[in-house]
Amino acid sequence: MALTIGVDIGGTKIAAGVVDPEGRILRHAKAPTPRGDGELLAEAVAGLVRELRESDREPPTAVGIGTAGFVDEARSRIVLAGNLGLSDDPVRERIARRTDLPVVVENDANAAAWAEVRFGAGRGCRDAVVVTLGTGVGGALIVDGELRRGRFGAAGEIGHYRMVPFGRRCACGNQGCWEQYASGSALVAEARALAAAEPVSAARLLEAAGGDPEGIEGPEVTRAAREGDPAALRCFAAVGEWVGQGLADLAAILDPECFVVGGGVSAAGEILLKPAREAYARAVTGKATRRLADVRPAELGGEAGIIGAADLALR
Ligand SMILES: [Zn+2]
């Protein structure tokens, strides 16, 4: 049985694990992320790899890295990772030199999406789109069984496709990006705007925020919606509508078999997915005749990055 090590490098911590070919994590290790120094980052990753190798009777044969930020087309360098304070960093070479193992580097969203398609909600789908609804919207495209990286490594940035020309401003510098309407930030903006405009109907949300609309946060909106609060449910319906509209556009281009929806906002489950599915079915082109892709919740949660990176290293 070939074991590999998957490493998920995030803005605050590095999580690693020994993973078997069935996508099971056999052992875990983690460390804080050193920021702004590629050598220190590689040393921290190599330390975790050493720790995991020592505890194994059968030594892992390769290391897969899923990292925040853009990874170049050769899957070798971090082009830019604002969260890690790194740019143009030769991460693969630094880690390979320290571990003496083959190293594969991938963007973290791509690695997590790969895990969902191999072992999670998208199992068996050769054409899938994985959508991660967090503070922003991330994603990855699996086409004909392969992860699409694009010519320069930046494919699948679906959060920044321009849904509304001249729409809301986005941190990327453009306007009207999908993530301005379909993310956790959008959910919070919706709830704050609703509470400011209709304080009576939003009483429950306001109460939890000490009476200040600007104090409303995402987890509280989710909690209120789960308990049936009509104002919170309206916020999810609005964001779900935008999610579904975006899925319809993606279906027009990619015609996937399934959409896998994960990330913090998707913790609300059907409260979000039901309006998203309905909007998708209403908006998709050829709806009278075409087969609709499934819209499924992600299954692997926070460990998808480790599992996906390890499986990519196996290949
Ligand atoms: Zn953008």
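For the structure itself, look to the data block above.
What you see is a predicted model, and the numbers here were worked out from it, not measured in a lab.

Moving on, we get to the environment of A112. Note on placement: A112 falls in helix α3 (residues 108-119). When its relative accessible area of 22% is taken as the criterion, A112 is described as partly exposed. For the pair A112 and A309, spaced 197 residues apart in sequence, the C-alpha to C-alpha distance is 7.4 Å. With residues up to four places along the chain from it excluded, the contact list for A112 reads A304 and G305.

Within the secondary structure, D20 is located in the loop between β2 (13-19) and β3 (25-32). By relative accessible area, D20 is classed as buried at 5%. Within polar-contact distance, the side chain of D20 engages the backbone nitrogen of E22 at 2.8 Å. Those residues in contact with D20, other than ones at most four positions away along the chain, are M1, L3 and L26.

What follows is about the pattern of salt bridges. Applying the stated rule across the entire model yields 28 salt bridges. Its salt-bridge partner being D311, residue R118 comes within 2.8 Å of it at the nearest N-O pair. Of the two residues, R118 sits in helix α3 while D311 sits in helix α10 (residues 304-314), which places them 193 residues apart along the sequence. Overall, the relative accessible area of 4% leaves D311 in the buried class. When salt bridges with common partners are traced through the structure, they connect E39, E43, R50, D89, E93, R94, R97 and R98 into a single cluster.

Here the structure, examined in full by the defined rule, presents 3 aromatic pairs. Their ring planes at 80 degrees and their centres at 5.7 Å tell us that F259 and Y280 sit as a pair that is edge-to-face. Note that F259 is positioned in strand β12 (residues 258-262) and Y280 in helix α9 (residues 270-283), a separation of 21 residues in sequence. By relative accessible area, F259 is classed as buried at 0%. Residue classification places Y280 among the buried positions, given a relative accessible area of 2%.

Moving on, we come to α3. Here α3 spans 16 Å end to end across 12 residues, near enough to the 16 Å set by a 1.5 Å rise per residue. Burial in α3 covers these residues: N110, A111, A113, W114, A115, E116, V117 and F119. Taking the backbone nitrogen of A109 as reference, a side-chain oxygen 3.0 Å away marks N107 as the first, capping residue of α3.

Moving on: the layout of surface pockets. The calculated volume of the largest pocket comes to roughly 1400 Å³. Together, 50 residues line the largest pocket, and A68, D108, A109, T132 and G138 are the ones closest to its centre. Contributing elements (two or more residues each) for the lining of the largest pocket: β2, β6 (78-81), α3, β9 (128-133), β10 (137-143), β12 and α10. Counting residues per element, the lining of the largest pocket draws most heavily on α3, which supplies 5 residues. In this structure, the second largest pocket occupies an estimated 170 Å³ of space. Taken together, L133, G134, T135, G184, L187, V188, G218, P219, T222, G264, V265 and A267 make up the full set of residues lining the second largest pocket. When residues of the lining of the second largest pocket are traced back to their parent elements, those giving at least two are α5 (184-197) and α7 (218-226). For the lining of the second largest pocket, a count of residues per class yields 6 nonpolar, 6 polar and no charged.

The rules behind each value
Residues numbered from 1 in each chain as written. Predicted model: local features only at pLDDT ≥ 70, side-chain atom pairs only at ≥ 80, totals over all residues. Heavy atoms only, no water. Helix = DSSP H or I, 4+ residues; strand = E, 2+ residues; numbered from the N terminus. Buried < 20%, exposed > 50% of the residue type's maximum accessible area, 1.4 Å probe, protein only. Contact = heavy atoms within 4.5 Å. Polar contact = N/O pair within 3.5 Å; in protein donor to acceptor, adjacent residues only side chain to side chain. Salt bridge = Lys/Arg side-chain N within 4 Å of Asp/Glu carboxyl O. Phe/Tyr/Trp six-rings, centres within 6.5 Å; stacked < 30°, edge-to-face > 60°. Expected span 1.5 Å × (residues − 1). 1 Å grid on protein atoms, 1.4 Å probe; cavity = no way out; pocket = protein on both sides within 12 Å on 5 of 7 lines; lining within 4 Å. Points joined across faces, edges and corners; volume = space filled by probe spheres on them. Nonpolar A, V, L, I, M, F, W, Y, C, P; charged D, E, K, R; others polar.

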